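Residue-level structure breakdown
If you want the building blocks of each chain, they are given just below.
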Amino acid sequence: MARRALFSVSDKNGVVEFAAGLVKLGWEIIATGGTQKLLESNGIKTIGISEITGFPEICDGRVKTLHPKVHGALLGRRDLESHRAQLAENGIGYIDLVCVNLYPFAATIAKPDVTMEDAIEHIDIGGPSMVRSAAKNWESVTIVVNPEDYAVVLGELEANGDTSRDTRLKLSAKAYTHTAEYDMMIAGWMRKQAGLNEKLFLEFDLRQSLRYGENPHQDAKFYASAEQVPFSLANAEQLGGKELSYNNIQDANAALNIVREFDEPFCVGLKHMNPCGAAVGKTVEEAWSKAYEADKVSIFGGIVAVNRELSREAAEMMKPIFLEIIMAPSFSEGALEVLASKKNLRLLKVDMSKSDKTQKQYVSVNGGLLVQNQDLSCKPASEWTLAGKCKPDEAQLADLDFAWKIVKHVKSNAILVAKDGMTLGVGAGQMNRVGSAEIALKQAEASLAAAGKDIRKEGLVLASDGFFPFGDSVEMAAGYGIAAIVQPGGSVRDQESVDKADEYGIPMMFTGERHFKH
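Below or above, wherever it landed, is the structure these notes cover. Counting restarts for each chain: residues are numbered from 1 in the order of the written sequence. The predicted origin of the model limits local features to residues at a pLDDT of at least 70 and limits the giving and counting of side-chain atom pairs to 80 or more, whereas totals for whole chains, interfaces and linings rest on all residues. The side-chain values count all of the structure's non-hydrogen atoms but skip hydrogen atoms and water molecules.

1. Quick look at the environment of Lys69
Strands are runs of DSSP state E lasting at least 2 residues, helices are runs of H or I lasting at least 4, and numbering of each runs from the N terminus. Tracing the chain through its elements places Lys69 in helix α4 (residues 68-75). Lys69 gets classed as partly exposed once you look at its relative accessible area, which sits at 27%. Taking the C-alpha atoms as reference, Lys69 lies 87 Å from Gly479; in sequence the two are 410 residues apart. The contacts of Lys69, once residues within four sequence positions are left out, are Ile52, Thr53, Asn90, Gly91 and Ile92. Throughout, exposure labels follow a simple rule: accessible area from a 1.4 Å probe, protein chains only, divided by the maximum for the residue type, with under 20% read as buried, over 50% as exposed, and the rest as partly exposed. Whether two residues touch is decided by their heavy atoms; if any such pair falls within 4.5 Å, the residues are in contact.

Printed below as a string of structure tokens:
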């Protein structure tokens, strides 16, 4: 008796070729509804599901495969005489392969005008039932839910007359994953419609087992979301160097979030999730040169990201510096040649296309998970308000805008000092804002002094990620000759800081939006 395969698919990619391959090997094809029409129209002879069950499809197709002659054919154990006898007694023949994937529920509920009725009709019942029955009896039945597996299955059938036990087990596991993801999607949507407490269902695939976590005694793995998004290491192409470590991934992700803020040629150097030097330029080479000059010490062993193709010239400038990672949307052949000798340097090609799509951020805490929308907002200078009496000039406003985009990504409390589209001092993660300001200002002073310049004469600008509730930070800034300040505003004591800025003739801008980063 010919072996039989049951086809019922929503994703019809490759299904005609797969079925034709089975027919060529002597298989009979059982098919339902639209799948049967497609196969028949392509010259593939099929047996309708009603011919197997002896019962018509009813309830507008809601009931067609939920029948003992289908599930008995899938679940009956070939190694048990009692099962074989019961199937024979009821005129049930085996089904040896199932090719099923499910109604497009995700695409249905993604429609802005989707109705409850439409969504309900796109909840597959017979499909998951057949998938689970076939997957349970994987010792005897081959279950295929993904078109990517058609070639493997056909190849084994052609070579050996059957799929291997190992392949059937893997396909069974994939099948249960397919139905689990489907059920999670439906459950989440239905709970929302019913007004029940939200449950968070997450889907991530193992991308990489890491050598260790933050420290050598910690195990770690890197999982990737099923969703393809830009500025993501999960989708990056590594062109050279060692495997990424846990800390590499954390730092590189932080660098990509900063790069995302800029449209003009930009470069950032980063250590321990904080920028140590960042700059814009007319070219990537100029941006790198300025970012490196901003802090030649901290960049050692750091990560660099640029938002333009890395050129040979830029690669030659970076090569003498010990770096862990260089990231870019692309690398020229010349750049790859220049950096090829640095065997441990990780080169990552990252999709840096712009997208306003909201993404979720997940942070684990003991016994729980914090979830928030990623902070993709950053108000431009044109939307800020002047807080005091003094108005910044055009150059100062441009520097404030640059500094605001960077300080957003510095660990709170954060203060950043900049000039001419280049960071000069970064104060990160202190317990009070005065401490962060002192670090940033002293760093800028030392950097300028090394170049023979007096900080008090340079007209630097200062950005703060949070408001100034007291005038002390403003007074300190004035002592270093800061020419303009940007901060969120919003403190009940804002006026104290504004008055202090006015006292020293320093323009102060309020963004109306804070960017704490813990």
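2. A short note on the sheet that holds strand β12 (residues 323-328)
The pairing criterion is simple: DSSP has to find at least two bridges between the two strands. Strand order in the open sheet formed by six strands is β8-β13-β12-β11-β9-β10, and the pairing between neighbours is mixed. The open sheet has two edge strands, β8 (237-240) and β10 (274-280), and neither has a second partner. The mean inter-strand angle of the sheet, taken between neighbouring strand axes irrespective of direction, is 20 degrees. Summarising the sheet, β8 and strand β13 (residues 346-349) pair through three bridges and their orientation is antiparallel. Each bridged residue has a counterpart across the sheet, and for Glu237 the counterpart in β13 is Lys349. Running over the sheet, helix α11 (residues 246-259) touches β9 (266-271), β10, β11 (302-306), β12 and β13 and is turned about 150 degrees from β9. Orientation is described by axes fitted as lines to C-alpha atoms, over the contacting stretch for helices, and by angles from 0 to 180 degrees between their N-to-C directions. Against the sheet, helix α12 (residues 284-294) engages β9, β10 and β11, with an angle of about 140 degrees to β10.

3. Examining the environment of Gln372
Locating Gln372 in the fold gives a position in strand β15 (residues 368-373). A residue is classified by how much of its surface remains accessible, and Gln372, at 48% relative accessible area, is partly exposed. Separated by 348 residues in sequence, Gln372 and Lys24 place their C-alpha atoms 53 Å apart. In contact with Gln372, other than residues within four places in its own chain, are Gln359, Lys360 and Gln361.

4. Description of a nonpolar patch on the surface
Nonpolar side chains collect at one region of the surface, where Leu200, Leu202, Phe204, Leu206, Tyr223, Tyr362, Leu369 and Val371 lie side by side and expose about 680 Å² of accessible area between them. Residue placement: Val371 occurs in strand β15. Given a relative accessible area of 40%, Val371 falls into the partly exposed group. A residue counts toward a patch only above 30% relative accessible area and without a salt bridge, and it is joined to like-charged neighbours within 9 Å or, for Val, Leu, Ile, Met, Phe, Trp and Tyr, to nonpolar neighbours within 5 Å. In these tables, accessible area is a Shrake-Rupley quantity obtained with a 1.4 Å probe, and a residue counts as shielded only by the protein chains included in the view. By definition, a salt bridge exists where a carboxyl oxygen of Asp or Glu is found within 4 Å of a side-chain nitrogen of Lys or Arg.

5. Quick word on the sheet that holds strand β1 (residues 4-8)
Here five strands make up an open sheet; going across it, the order is β3-β2-β1-β4-β5 and the pairing parallel. Edge positions in the sheet fall to β3 (47-48) and β5 (142-144), since each of these pairs with one other strand and no more. Sheet analysis places strand β4 (residues 97-100) next to β5, joined by three bridges and oriented parallel. Across the sheet, residue Cys99 finds its bridge partner in β5, namely Val144. Sitting on the sheet, helix α8 (residues 126-136) touches β1, β4 and β5, and the angle it makes with β4 is about 145 degrees.

6. Considerations on helix α16 (residues 433-450)
Side chains three or four residues apart in an α-helix point the same way, a direct result of the helix having 3.6 residues per turn. For α16, built from 18 residues, the straight-helix expectation of 26 Å at 1.5 Å per residue is met to within 8% by its first-to-last C-alpha distance of 26 Å. All of the buried residues along α16 are Arg433, Gly435, Ser436, Ala437, Ala440, Leu441, Ala444 and Leu448. Looking at where α16 begins, the residue whose side-chain oxygen comes 3.2 Å from the main-chain nitrogen of Val434 is Asn432. Once α16 ends, the next one or two residues include Gly452, with phi positive near 75 degrees. To estimate the expected span of a helix, count its residues, drop one, and scale the result by 1.5 Å. Nitrogen and oxygen atoms within 3.5 Å of one another constitute a polar contact, given that in protein one can donate a hydrogen and the other can accept it, and given that sequence-neighbouring residues count only through two side-chain atoms.

7. Some points on the packing of α16 against helix α17 (residues 472-479)
The interhelical angle for the contact between α16 and α17, taken along N-to-C directions, is 15 degrees, at an axis separation of 9 Å. Looking at the two axes, α16 sits roughly parallel to α17. In this structure, α16 meets α17 at a crossing whose hand is right-handed. Touching Arg433, Val434, Ala437, Glu438 and Leu441 of α16 are Asp472, Ser473, Met476 and Ala477, all from α17. Three categories are distinguished: nonpolar for Ala, Val, Leu, Ile, Met, Phe, Trp, Tyr, Cys and Pro, charged for Asp, Glu, Lys and Arg, and polar for the others, with Gly belonging to the last. The residue makeup of the contact of α16 with α17, split by class, is five nonpolar, one polar and three charged. Oblique is the label for any angle not covered by the other classes, which are roughly parallel (under 35 degrees), roughly antiparallel (over 145) and roughly perpendicular (65 to 115). Take the far helix as your reference; a near helix turned counterclockwise from it by less than a right angle gives a left-handed crossing, and one turned clockwise gives a right-handed crossing.

8. A few points about unusual backbone geometry
Put simply, Ser412 and Asn413 share a cis peptide bond, and its omega is -10 degrees. Mapped onto the elements, Asn413 comes out in the loop between α15 (394-407) and β17 (415-418). Residue Phe231 is not a glycine yet carries a positive backbone phi of 55 degrees. Relative accessible area serves as the criterion here: at 6%, Phe231 is assigned to the buried category. The phi dihedral of His272 is positive, around 50 degrees, even though this residue is not glycine. As for its position among the elements, His272 is in the loop between β9 and β10. What makes His272 exposed here is its relative accessible area of 64%.

9. Some words on the pattern of salt bridges
Going through the model one piece at a time under the given rule, you end up with 22 salt bridges. Between Lys405 and Asp401 there is a salt bridge; the shortest N-O distance is 3.6 Å. Of this pair, Lys405 and Asp401 both sit in helix α15, separated by four residues, roughly a single helical turn. Residue classification places Lys405 among the buried residues on the basis of a relative accessible area of 17%. Using a relative accessible area of 17% as the deciding quantity, one classes Asp401 as buried. Lys500 is paired through a salt bridge with Glu503; the nearest N and O atoms lie 3.6 Å apart. You can see Lys500 and its partner Glu503 sitting in helix α18 (residues 494-503), three residues apart, about one turn around the helix. The structure contains a network of salt bridges with shared partners spanning Arg3, Arg78, Asp96, Asp162 and Arg168.

10. Quick look at helix α10 (residues 165-194)
The end-to-end C-alpha distance of α10, which contains 30 residues, comes to 43 Å, matching closely the 44 Å that a straight helix rising 1.5 Å per residue would cover. Looking at the packing, one finds that the buried side of α10 touches α6 (105-109), α7 (116-121), α8, β5 and α9 (150-160).

In short, the description is geometric, and any link to function would need to be established separately.
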